[in-house]
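One-letter residues, chain by chain:
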Amino acid sequence: QRRAVYESAVTFIESENSKGHSYTLGVNQFSHLTEEEFEASLGKKSGGFPGRASSLRVAPSKELPSSVDWREKGVVTPVKNQGSCGSCWAFSATSAIESAIALAGGDEYSIELAPQQITSCTPSTGTYGCDGCNGGFTEGAYAYAQSVAGIANSFYIPYNQSLTASDATQACPTAKVEALDGPDAQLSGGFAAVTGFSYATPPCTSGECWSQNLTKFAQALEESPVSICVNAGNWNDYTGGVMTSKQCGNMGADYQDHCVQATGFNSTAPTPYWIVRNSWASGWGEKGYIYLEMSENTCGLTDDATIPTVQLNLSPKEEANALASRERMYRVATNQLLVTEPITV
């Protein structure tokens with residue numbers, strides 16, 4: 001049975017690649033899974049969500065650069081692997097918090113945080129109740145993060161879910177979380193204090209979501225990476241290129257089943273695209289990334305797009321250094337400065 005599933009996938013891959021699409025499909029870690037097994041490993045709670053339209057981030061209205069790519073200079077940490085746990089929502093929120101703290105504090109605040117803490121400790125109650133490996137909401141992750149001293153680094157609370165087999169959600173490491181606000185807090189290393197979140201563009205909580213504001217989304221991406229939730233039902237065989245909206249399928253709110261991170265865009269490519277970071281390891285797709293057609297709300301990537309805020313309590317000198325670091329990060333991201341070029345402070 002498993003071999004039959006794999007051979008069916010290979011037949012589909014060869015057929016699609018022969019059509020000359022702007023993207024390519026190939027064999028990967030999902031090629032032997034049934035559709036139901038693949039869907040079980042995604043992790044976004046489906047059926048729409050109660051978005052807060054009033055929590056909208058207002059990005060500056062200015063001419064956009066032709067491209068933005070936040071993958072350099074520590075704004076985006078290396079690609080992670082959620083394994084067989086449906087914890088994408090926790091990885092997406094964690095990635096967004098990592099980027100927020102790096103942009104707020106500069107290079108020295110680029111740390112890898114703990115998706116296991118969010119996966120295991122976010123409660124199942126409330127407006128955005130989450131259920132660990134059985135799915136959740138990024139909004140629920142932010143609400144939990146605001147209720148504790150912070151989200152720990154990944155060395156202090158490592159990811160312990162299985163990478164190959166479905167298993168129960170690990171118990172919340174309550175003592176370690178409480179220690180972040182105790183007398184031995186410094187022994188735990190760096191962590192991120194979250195103060196809230198906003199939407200990059202008005203959320204689409206129901207319906208087909210055809211008319212999302214892509215310009216607002218691009219403006220938000222110029223400011224920082226963005227946590228997004230998407231319809232990833234057709235991502236399992238992706239290996240490279242630009243996936244079209246048609247290939248991705250329905251962009252409606254009820255079809256969201258996976259949360260990831262948008263890290264930029266390229267509007268001058270032959271097929272302009274959004275740059276999206278996944279949590280299926282760096283061996284999947286374009287070294288862990290997927291490129292989505294930019295002219296559409298492809299996969300519904302703007303339906304539930306959020307940006308967390310963090311608190312660092314920097315001194316005036318630290319804020320000045322952070323400002324210089326942010327300027328360098330932006331110039332690298334918009335291709336105005338080589339990565340190795342020095343900057344005068």
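Source: prediction; values computed, not measured.

Rules of the game
Residues numbered from 1 in each chain as written. Predicted model: local features only at pLDDT ≥ 70, side-chain atom pairs only at ≥ 80, totals over all residues. Heavy atoms only, no water. Buried < 20%, exposed > 50% of the residue type's maximum accessible area, 1.4 Å probe, protein only. Helix = DSSP H or I, 4+ residues; strand = E, 2+ residues; numbered from the N terminus. Pairing = 2+ DSSP bridges. 1 Å grid on protein atoms, 1.4 Å probe; cavity = no way out; pocket = protein on both sides within 12 Å on 5 of 7 lines; lining within 4 Å. Points joined across faces, edges and corners; volume = space filled by probe spheres on them. Nonpolar A, V, L, I, M, F, W, Y, C, P; charged D, E, K, R; others polar. Contact = heavy atoms within 4.5 Å. Core = buried A, V, L, I, M, F, W, Y, C linked by side-chain atoms within 4.5 Å.

> How do you make sense of the pairing of strand β9 (residues 289-293) when you look at a structure like this?
Along any regular strand the residues' side chains alternate between the sheet's two faces. With five of its five residues buried, β9 lies for the most part within the structure. Sheet analysis places strand β6 (residues 238-243) next to β9, joined by two bridges and oriented parallel. Its bridge partner lying in β9, valine 242 is registered against tyrosine 291. By the bridge criterion, five bridges tie strand β8 (residues 273-277) to β9 in an arrangement that is antiparallel. Bridged to tryptophan 274 within β9 is leucine 292.

> Would you mind going over empty space enclosed by the protein with me for this structure?
The gaps of empty space that remain are located by a probe, the size of a water molecule, rolled over the atoms. What the rule picks out here adds up to two cavities of 30 Å³ or more. One number sums up the size of the largest cavity: a volume of about 60 Å³. Considering the residues around the largest cavity, the lining is formed by Lys80, Phe91, Ser92, Ser95, Cys259, Val260, Gln261, Arg277, Asn278 and Ser279. Those elements that provide at least two residues to the lining of the largest cavity are α3 (88-105) and β7 (258-266). Among the residues forming the lining of the largest cavity, the class breakdown is three nonpolar, five polar and two charged. Considered as a void within the structure, the second largest cavity measures approximately 30 Å³ in volume. Contributing to the lining of the second largest cavity are Lys80, Phe91, Thr94, Ser95, Glu98, Leu113 and Pro115.

> Got a minute to help me understand the environment of serine 267 in this structure?
Inspection of the secondary structure assignment puts serine 267 in the loop between β7 and β8. For serine 267, a relative accessible area of 33% gives the class partly exposed. Residues serine 267 and valine 68, spaced 199 residues apart in sequence, show a C-alpha to C-alpha distance of 9.1 Å. Beyond its immediate stretch of four places on either side in the chain, serine 267 contacts Ser66, Pro272 and Met294.

> What am I meant to see in the nonpolar core here?
Soluble globular proteins: nonpolar side chains tend toward being buried together. Counting residues in each nonpolar core, the largest one holds 48 residues, and the members touching the most others are Phe217, Val226, Ile228, Trp235, Trp274 and Leu292. Secondary structure elements with two or more residues in this core: β1 (23-25), α7 (214-223), β5 (226-230), β6, β7, β8, β9 and α9 (316-333). By size, the runner-up hydrophobic cluster in this structure holds 32 residues, among which are Ile97, Tyr144, Ala152 and Cys229.

> Just checking my understanding: could you explain the pairing of β8 for this structure?
Along β8, five of the five residues are buried, which leaves the element largely enclosed by surrounding structure. Here β8 shows two buried faces, one formed by Tyr273, Ile275 and Arg277 and the other by Trp274 and Val276. Bridge count between β7 and β8: five bridges; the pairing is antiparallel. Residue phenylalanine 265 lies in a different strand from β8, and its bridge partner there is tryptophan 274.

> Just checking my understanding: could you explain unusual backbone geometry for this structure?
The bulk of non-glycine residues show a negative phi, and the bulk of peptide bonds are trans. You will see that lysine 287, though not glycine, has its phi angle at about 55 degrees, which is positive. Structurally, the position occupied by lysine 287 is in the loop between β8 and β9. You can call lysine 287 exposed: its relative accessible area is 68%. The backbone of asparagine 335 sits at a positive phi, close to 65 degrees, despite the residue not being glycine. Inspection of the secondary structure assignment puts asparagine 335 in the segment after α9. According to the relative accessible area criterion, asparagine 335 is exposed, its value standing at 64%.

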